[in-house]
Amino acid sequence: MDEQAHFGADQMAECLWTPEGWQRHARADDDAVRARFALPGMPNLHSHAFQRAMAGLAEQRGPGDDSFWTWRETMYGFASRIQPDALRAIAAQLYVEMLKAGYTHVCEFHYLHNAPNGKPYADPAAMSRAIIEAARESGIGLTLLPVLYMTGGFDGRPLSERQRRFGLSVDAYLRLLESLTALQSPRLRVGIALHSLRAVPEAAMREVLAAPQARDCPIHIHIAEQIGEVQDCLGVRNARPVQWLFDHAEVDPRWCLVHATHLDDSELRAIAKSGAVAGLCPTTEANLGDGLFPLAAYIDAGGTLGIGSDSHISVSPVEELRWLEYGQRLTTRHRNIAARTPGASVGETLWGAALRGGRQAAGLATEARRDFIVLDDASPLLASRDERSVLDSFLFAGNTPLVRDVVAGGEWVVRDFRHRDEERMASRYGAAVAVLSANA
Ligand code: NGQ
Ligand code: ZN
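Just so you know, these numbers come straight off a predicted model, no measurement behind them.

1. Focus on the overall build of the chain
Summing up its helical and strand segments, the chain has 16 helices and 16 strands in all. Its C-alpha atoms give the chain a radius of gyration of 21 Å, within 12% of the compact-globule value 22 Å for 440 residues. Across its three principal axes, the chain shows a C-alpha extent of roughly 65 × 50 × 45 Å. Out of the 440 residues in the chain, the part that is buried amounts to 57%. For the chain, the accessible surface area stands at approximately 17800 Å², while carbon and sulfur atoms represent 51% of it.

The following block contains the structure:
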């Protein structure tokens with residue numbers, strides 16, 4: 001088969017699951033496109049690609065009580081050594097892993113803008129271009145979110161030495177945004193990201209949100225991830241973070257509130273009512289000790305959600321969704337939390353919800369029939385499953401990989417569990433990481 005041929009899901013899948021139910025198509029003639037179970041590919045709504053190369057390197061106990069804040073110091077030390085070539089190698093390998101796991105699109109929350117000495121690169125978009133190239137090489141769809149990061153805390157303190165790589169003035173930020181927006185294509189969307197309320201002063205936030213690009217592009221922000229952040233916000237701004245944001249910005253479906261872990265009832269209802277996406281990253285939130293998102297109440301309030309792999313301690317939509325549900329089961333001591341009506345499947349509910357919210361956060365049209373994954377119906381686990389049970393089995397019982405083929409943007413990027421360029425990506429990644437470790 002011609003690898004470059006473009007496919008839509010209806011041309012190939014015998015059975016395609018959609019949030020509205022299973023759709024049947026005539027069986028394709030070519031046996032190579034046989035697919036008993038196909039699903040739309042998942043958008044990954046939150047990624048810091050460079051962090052993949054330090055996954056597993058912050059799991060040894062330090063001198064005191066380890067926390068999000070001690071992890072962040074380790075991460076900053078690691079970030080300070082990454083240059084454009086290394087970023088491209090790491091991101092491309094990561095995106096290959098994402099595709100093989102069932103993600104067909106990624107929102108890259110990108111703040112590593114400047115050279116290690118804190119000065120802009122000769123091309124201020126050098127690091128952004130590395131991300132764009134990595135996505136193109138891997139075949140994954142990209143929503144690039146250049147990040148505004150200006151201060152080291154709610155009190156407006158200047159960036160620490162290690163944060164200087166992230167810092168841009170509002171003017172420099174808007175210039176970067178404009179130069180990236182000019183590169184948009186069907187496979188590359190550009191949106192806006194405010195790192196967090198602690199990193200963006202109010203006046204800067206207003207200026208960026210008033211830019212013409214902001215009118216109809218995705219707007220992402222980290223918010224209410226840690227209790228310490230809620231306390232600092234209360235101390236300095238006299239309001240909880242989500243409450244403050246709603247009081248000072250028009251939060252609507254353009255927005256993705258990443259983590260939104262620590263919410264009171266009125267904040268939870270405000271997000272749900274606004275149509276903004278709660279960007280949940282369960283494996284990273286578990287790894288960093290963030291806390292648990294109030295899933296059942298949020299779904300009952302009609303809230304929109306999506307998933308991201310964030311620090312990439314794990315790269316799998318299955319694991320994100322499984323942890324999302326299991327976290328709730330462990331604290332409530334009940335089962336089948338995400339499915340709110342009798343007879344509903346947890347797997348279908350979660351895949352469908354994260355698909356809808358992920359597409360919205362990525363700025364994608366709701367129908368993306370050229371992004372889909374084919375499950376391995378020859379695996380013993382799925383061989384005995386039917387349409388009614390396949391998503392639940394995939395999400396809860398799959399351990400060996402079950403994603404057999406992946407079509408992204410109408411192109412076969414994974415066939416029979418292999419990405420079209422995986423050897424080259426892996427060896428380039430290995431070489432880049434060896435250099436980073438040698439310089440540690
Ligand atoms: C980030 N990570 O942007 O990678 C942050 C830490 C910071 C999470 N919030 C960096 N999980 O807060 O400056
Ligand atoms: Zn993040």
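Text resumes after the structure shown.
2. Here we look at the packing of aromatic side chains
A complete count under the given rule lists 11 aromatic pairs for this structure. Between Phe68 and Trp69, the aromatic rings sit 4.7 Å apart at their centres with planes inclined by 85 degrees, giving edge-to-face as the arrangement. Overall, the relative accessible area of 34% leaves Trp69 in the partly exposed class. Arranged with centres 5.7 Å apart and planes meeting at 40 degrees, the rings of Tyr326 and Phe396 form a pair that is tilted. Of this pair, Tyr326 sits in helix 12 (residues 317-332) while Phe396 is found in helix 15 (residues 390-397), placing the two residues 70 residues apart along the sequence. Its relative accessible area of 33% is what places Tyr326 among the partly exposed residues. Through pairs of rings, three or more aromatic residues link up here, namely Phe50, Tyr76, Tyr111, Tyr149 and Phe166. A cation over an aromatic ring shows up here: Arg237 above the ring of Trp244, its NZ or CZ 4.3 Å from the ring centre. Directly above the ring of Phe396 sits Arg329, whose terminal nitrogen or CZ lies 5.3 Å from the centroid.

3. A short note on helix 2 (residues 68-79)
An ideal rise of 1.5 Å per residue puts 16 Å on 12 residues; helix 2 measures up with 16 Å between its terminal C-alpha atoms. All of the buried residues along helix 2 are Phe68, Trp71, Arg72, Met75, Tyr76, Gly77, Phe78 and Ala79. Residues of helix 2 that are buried sit in contact with helix 16 (422-438). N-capping of helix 2 is provided by Ser67, with a side-chain oxygen placed 3.1 Å from the backbone N of Trp69.

4. What about the coordination of the zinc ion (ligand 2)?
Those donors, His46 (NE2), His48 (NE2) and His222 (NE2), are the protein atoms that reach the zinc ion (ligand 2), and they lie 2.0 to 2.1 Å from it. Every donor residue of the zinc ion (ligand 2) comes from the same chain, spaced as H-x1-H-x173-H. Separated by 174 residues along the polypeptide, His48 in the loop between strand 4 (42-47) and helix 2 and His222 in strand 9 (residues 219-223) bring together distant segments of the chain. Looking at His222, the relative accessible area reads 7%, which means it is buried.

5. Comments concerning the side chain of Thr143
Here Thr143 lies in strand 6 (residues 141-148). Relative accessible area serves as the criterion here: at 0%, Thr143 is assigned to the buried category. A distance of 2.8 Å separates polar atoms of two side chains, one belonging to Thr143 and the other to His105. Apart from residues lying up to four places away in sequence, Thr143 is in contact with His105, Val106, Cys107, Glu108, Arg189, Pro218 and Ala362.

6. Focus on the site of ligand 1
Surrounding ligand 1, one finds 15 residues, the nearest of these being Tyr76, Tyr111, Tyr149, His195 and Glu225. One nitrogen or oxygen atom from the side chain of His195 is found 2.7 Å from an oxygen atom belonging to ligand 1. At 2.6 Å, a side-chain N or O of Glu225 approaches a nitrogen atom of ligand 1. For the shell around ligand 1, the leading source of residues is helix 2, giving five residues. Among the residues making up the shell around ligand 1, the classes are represented as seven nonpolar, four polar and four charged.

7. Describing the pattern of salt bridges
All chains considered together, the criterion is met by 23 salt bridges. Two residues, Asp300 and Arg340, come together in a salt bridge whose shortest N-O distance is 2.8 Å. A residue pair is termed long-range when its members are at least 10 positions apart, and Asp300 in helix 11 (residues 295-300) and Arg340 in the loop between helix 12 and helix 13 (346-362) qualify at 40 residues. Judged by relative accessible area, Arg340 falls into the partly exposed class, the value being 39%. A salt bridge links Glu325 to Arg329, with the shortest nitrogen-to-oxygen separation between them at 2.7 Å. Taken together, the residues span about one helical turn, with Glu325 and Arg329 both in helix 12 at a distance of four residues. By relative accessible area, Glu325 is classed as buried at 0%. The network of salt bridges with shared partners includes Arg88, Glu133, Arg136, Glu137, Asp421, Arg424 and Arg428.

Quick notes on the rules
- Residues numbered from 1 in each chain as written.
- Chains lettered and ligands numbered in written order.
- Predicted model: local features only at pLDDT ≥ 70, side-chain atom pairs only at ≥ 80, totals over all residues.
- Heavy atoms only, no water.
- Helix = DSSP H or I, 4+ residues; strand = E, 2+ residues; numbered from the N terminus.
- Rg over C-alpha atoms; globule rule 2.2 N^0.38 Å.
- Buried < 20%, exposed > 50% of the residue type's maximum accessible area, 1.4 Å probe, protein only.
- Areas by Shrake-Rupley, 256 points an atom, 1.4 Å probe, with all protein chains shown as cover.
- Phe/Tyr/Trp six-rings, centres within 6.5 Å; stacked < 30°, edge-to-face > 60°.
- Lys NZ or Arg CZ within 6 Å of the ring centre and 35° of its normal.
- Expected span 1.5 Å × (residues − 1).
- Contact = heavy atoms within 4.5 Å.
- Polar contact = N/O pair within 3.5 Å; in protein donor to acceptor, adjacent residues only side chain to side chain.
- Donors = N, O, S within 2.8 Å, 3.2 Å for Na, K, Ca; no water.
- Near = heavy atom within 4 Å.
- Nonpolar A, V, L, I, M, F, W, Y, C, P; charged D, E, K, R; others polar.
- Salt bridge = Lys/Arg side-chain N within 4 Å of Asp/Glu carboxyl O.

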